[in-house]
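Structure assessment
The lines below spell out each chain.
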Amino acid sequence: MLKKLQRKFISIALLALVIIVWVQMFAVNAMNVYQRDSEVRNILYVIAENGGVFPNSYHDSGTDYVDSILNPFKKVQITIETPYSTRYFVVKLNHNTVTDISTENIAAVSDRDAFEYASQVFKKGPGFGFLDDYRYYYATDNNSGNSIIVFIDFSRELEATFKLFSLSLLVGIICILVLLYPVYKLSKNAIRPIEKSIEKQKQFITDAGHELKTPIAIINADAEVLEMCEGENEWITSIKNQTERLDGLVKNLVTLSKLDEEKLKNKDTTFCISDAVTETVQNFETLAAKNEVSLEYNITPNIMYTGNEDEIKQLTSILCDNAVKYCKKGGTIKIAVYKSGKNTVFSVFNDCEYIDKSKLDMLFDRFYRADSSRARETGGYGIGLSIAQVIVQRHKGKITATSDDSKSILFKVVL
């Protein structure tokens, strides 16, 4: 349970870290794309407004790094160096007819290429847009019929954007990997108080169990002496029944506490699980007949399994005992063991009076009983299925309870 809690702590911490890193990376890259695109759009607009060339006067106040940090969304000003770092070409039109093509500021595009690009943009209509590796601005004057399309090579900006994204992704992955170890160490410190609390609880149950054995034995012995002296009566019988019940409850609590101890190593051996289950099930045939229920079992022979044979027998005994106790008179109990791929499946089915399908998962909770009055009649403690679940978990398996009609129940163990 503690390892599961630790894994959950690590998963939540890493998930939070991944979300933070990804949000930050997305924000940085989004701001970078926005800033670069805004700069290019500004240059396109200025060139279009100036007839296809850069203006003669520029704003050149130098780079204010402090202002750039405080206001990252501030529009970038065009300086005297901007024309030399900008690769662009211009196509002018009059009443939808090309009148001038200027490609002197870019080497990769010929006049013919510029005409083809302009033809494609003309079909899309006025405004800003993208075409291959170019960012364009199509401006038109409805009064005069003159239009201008300005293209700027956007490949360098795209390359820089992808490089920043790749670098930020790499840094993010490295940060997560670097922080994995501190998170792992922190998880140990986080669950240590819980571990100590569970250890104290287990120790208390064990100590209390040993301490209770003596008074329970004395009470039971006194009841037998009273029965010998006074004769059998309902009060003495009740005392004996309750002490027997209390003794069984204490033994189950101690067993559950020991099974919960994760540091306790399984005495794993390879054994025939088919024979182990068959041997245990046969012990319940007489009890099933006494309770007027039919016991059927279909166990595939010679299935070998590596695990704790005593615990598997105890698991079988718990499920069979539960089935016999709660199977309605005239009902049927069906037990099966078979292979499913690499897994070994052990199932116990029984008819019952009624069971709430919405509460099936609660059957494995300690001290939970679907029908308290029925459980007291049959001597149930509400711990047996909890012990069964712990045994299955210790064998790295899974146990489930299902019901199709609320009048029968199927316990399925996959090992």
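Reference entry: report on the structure contained in this document. (Residues numbered from 1 in each chain as written. Predicted model: local features only at pLDDT ≥ 70, side-chain atom pairs only at ≥ 80, totals over all residues. Heavy atoms only, no water.)

**With respect to the packing of helix α7 (residues 273-282) against helix α9 (residues 309-326)**
Between two packed helices, the angle of one axis relative to the other and the distance separating the axes together describe the packing. This is how it is decided: For every element, the axis is a line fit to its C-alpha atoms; helices are fit only across the contacting stretch, and the angle between N-to-C directions ranges from 0 to 180 degrees. Every helix listed is a DSSP run of H or I at least four residues long, and every strand listed is a run of E at least two residues long, numbered separately from the N terminus. For classification, angles of less than 35 degrees are called roughly parallel, those exceeding 145 degrees roughly antiparallel, those between 65 and 115 degrees roughly perpendicular, and all remaining angles oblique. Left-handed describes a crossing whose near helix is turned anticlockwise from the far helix by less than a right angle; the clockwise case is right-handed. Residue contacts follow a heavy-atom distance rule, with two residues in contact if any of their heavy atoms lie within 4.5 Å.
The interhelical angle for the contact between α7 and α9, taken along N-to-C directions, is 40°, at an axis separation of 9 Å. Classified by the angle between their axes, α7 and α9 sit oblique to one another. Crossing of α7 against α9: the hand is right-handed. Counted together, Ile-273, Ala-276, Val-277, Glu-279, Thr-280 and Val-281 of α7 and Glu-309, Ile-312, Lys-313, Thr-316, Ser-317 and Cys-320 of α9 form the full contact between these two elements.

**Notes on the sheet that holds strand β5 (residues 146-153)**
The line we're drawing: In short, DSSP must find at least two bridges between two strands for them to pair.
Spatial strand order, β2-β1-β5-β4-β3: five strands in an open sheet with antiparallel pairing. Strand pairing shows two members of the sheet lacking a second neighbour, β2 (97-102) and β3 (127-131), which therefore form its edges. Along the sheet, successive strands turn relative to each other by an average axial angle of 20°, direction set aside.

**A word on a negative patch on the surface**
For the record, the criterion: To count toward a patch, a residue needs a relative accessible area over 30% and no salt bridge; like charges are then connected within 9 Å, while nonpolar side chains (Val, Leu, Ile, Met, Phe, Trp, Tyr) are connected within 5 Å. What sets the accessible areas is the Shrake-Rupley method with a 1.4 Å probe; for residues, cover comes only from the shown protein chains. For this document, the term salt bridge refers to a Lys or Arg side-chain nitrogen within 4 Å of an Asp or Glu carboxyl oxygen. In summary, the charge assignment counts Lys and Arg as positive and Asp and Glu as negative, without counting His or the chain termini. Just so you know, the charge point we use is NZ for Lys, CZ for Arg, CG for Asp and CD for Glu.
Residues Asp-100, Asp-111, Asp-113 and Glu-116 make up a contiguous surface patch of negative charge. Residue contributions to the negative patch peak at three residues, all from helix α4 (residues 111-124). Relative to the helices and strands, Asp-111 is located in helix α4.

**Overview of the sheet that holds strand β12 (residues 408-414)**
Spatially, β7-β9-β10-β12-β11 is the arrangement adopted by the five strands of the open sheet, whose pairing is mixed. Each end of this open sheet is capped by a strand with a single partner; those strands are β7 (294-299) and β11 (398-402). Across the sheet, the axes of successive neighbouring strands diverge by a mean angle of 10°, strand direction being ignored. As paired strands, β7 and strand β9 (residues 332-340) are joined by six bridges and run parallel to one another.

**Re the packing of aromatic side chains**
Under the convention used in this document: Pairing of aromatic rings covers Phe, Tyr and Trp, the last counted by its six-membered ring, and requires centre-to-centre distances within 6.5 Å; plane angles under 30 degrees mean stacked, over 60 mean edge-to-face, and any other angle means tilted. Only protein chains enter the calculation, and the probe is 1.4 Å; a residue is then buried if its accessible area is under 20% of its type maximum, exposed if over 50%, and partly exposed in between. Here, over-ring charges are defined by two tests on the NZ atom of lysine or the CZ atom of arginine: distance to the ring centre within 6 Å, and angle to the ring normal within 35 degrees.
By the definition in use, this model includes 13 aromatic pairs. An angle of 45° between the planes, with centres 6.1 Å apart, marks the rings of Tyr-45 and Tyr-137 as tilted. Taken together, the positions of Tyr-45 in helix α1 (residues 2-49) and Tyr-137 in strand β4 (residues 134-140) put the pair 92 residues apart, joining distant regions of the chain. We classify Tyr-45 as partly exposed; its relative accessible area is 40%. Here the basic side chain of Arg-41 rests over the ring of Phe-128, its NZ or CZ set 4.2 Å away from the ring centre. The aromatic ring of Phe-130 is capped on one face by Arg-135, whose charged end is 4.1 Å from the ring centroid.

**Section: helix α11 (residues 384-394)**
The buried fraction of α11 is high, at eight of eleven residues. Taken from the residues just after α11, Lys-396 is the one with a positive phi, measuring 55°.

**Examining unusual backbone geometry**
Not every positive phi belongs to a glycine, and Lys-396 is a case in point at roughly 55°. By the element assignment, Lys-396 lies in the loop between α11 and β11. Notably, Ser-406 is not glycine yet its phi reads approximately 65°, a positive angle. Mapped onto the elements of the fold, Ser-406 is located in the loop between β11 and β12. On the basis of relative accessibility, which here comes to 13%, the residue Ser-406 falls in the buried class.

**Things to note about the pairing of β4**
Of all seven residues in β4, six are buried, a share of seventy percent or more. Two strands pair when backbone bridges link them, and β3 and β4 are joined in this way by five bridges, in the antiparallel orientation. Counterpart to Gly-129 in the pairing with β4 is Tyr-136. The hairpin turn running from β3 into β4, its antiparallel successor, is two residues long, and Asp-132 in that turn takes a positive phi close to 55°. Bridge analysis of β4 against β5 gives seven bridges, and the strand direction is antiparallel. Bridge pairing links Thr-140 to Ser-147 in β5.

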